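# Fold and contact review
Residue strings, one per chain:
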Amino acid sequence: MLNTNAGYMDEEAFQSLFETYKNRVYGYVLAISHSDYAAEELTQEIFIKLWLCRDILIHVDNLEGYIFAVARNKTLNHLRKATNDAQMLQELQSFMKPLPNNNTDDKILSAENEKLLREAVTMLSPQRRLVYDLSRGQGLNHEQIANHLKLSRNTVKNHLVEALRFIREYLGQRGAVTILLILFIVC
């Protein structure tokens, strides 16, 4: 099964490993994530990681345990990241909502926050800005954006994650997130 002359698992051996574990890994990830889409994406990422690290697989005593540990860690990291992205999206959406009263200071603050968000979006690369606008401005999901731009869903997801990360950092550097938290405490 292993090509010991090369010091790593050869392509044929890896294909056998993939066929043996792909459905079980998918089911495991699905049970944790409760998302068919996430299970598909993460299963692919898990096997890509295993392929890239195939040189150490020949030294692993409990290969099945190793594979499922990688699957568990990838899935939990994905869920943590998704939670953070959802919280950031909620914060950004709160930013954009007009404040309930007509206080002039609140209107100015809201306008400044909207301006900061627009500035952050304009600083994104053209491709990331387009993906962000299609997602947040037009409400398209990853698959719709991927089809529209002729990109993979994973590329769309990566652009969106990086766009949100940049926006979060940009707003954080300018105190906008702090302003938002103060508004929640005061209001």
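Use the structure listed above.
Residues numbered from 1 in each chain as written. Predicted model: local features only at pLDDT ≥ 70, side-chain atom pairs only at ≥ 80, totals over all residues. Heavy atoms only, no water.

### A look at the layout of surface pockets
Considering only enclosed or pocket space, the largest pocket measures out at about 580 Å³ in volume. Lining the largest pocket are 24 residues, with His78, Asp85, His142, Lys157 and Val161 positioned closest to its centre. Contributions of two or more residues to the lining of the largest pocket are made by helix H2 (36–52), helix H4 (63–96), helix H6 (126–137) and helix H8 (153–173). Here the residues of the lining of the largest pocket sort into nine nonpolar, eight polar and seven charged. (1 Å grid on protein atoms, 1.4 Å probe; cavity = no way out; pocket = protein on both sides within 12 Å on 5 of 7 lines; lining within 4 Å. Points joined across faces, edges and corners; volume = space filled by probe spheres on them. Helix = DSSP H or I, 4+ residues; strand = E, 2+ residues; numbered from the N terminus. Nonpolar A, V, L, I, M, F, W, Y, C, P; charged D, E, K, R; others polar.)

### Points about unusual backbone geometry
Positive phi outside glycine occurs at histidine 34, with the angle close to 60°. Mapped onto the fold, histidine 34 is located in the loop between helix H1 (11–33) and H2. Of note, the phi angle at lysine 150 is positive, near 60°, even though the residue is not glycine. Within the element layout of this structure, lysine 150 appears in the loop between helix H7 (142–149) and H8.

### Observations regarding the pattern of salt bridges
Considering all chains together, one arrives at seven salt bridges under this definition. The closest approach of N and O atoms between glutamate 64 and arginine 24, which form a salt bridge, is 2.8 Å. Of this pair, glutamate 64 sits in helix H4 while arginine 24 sits in helix H1, and the two are 40 residues apart along the sequence. Classification of arginine 24 by relative accessible area gives partly exposed; the value is 40%. Among the salt bridges present, the one from arginine 153 reaches glutamate 143, with a minimum N-O distance of 3.4 Å. Remark: glutamate 143 occurs in helix H7 and arginine 153 occurs in helix H8; sequence separation between them is ten residues. (Salt bridge = Lys/Arg side-chain N within 4 Å of Asp/Glu carboxyl O. Buried < 20%, exposed > 50% of the residue type's maximum accessible area, 1.4 Å probe, protein only.)

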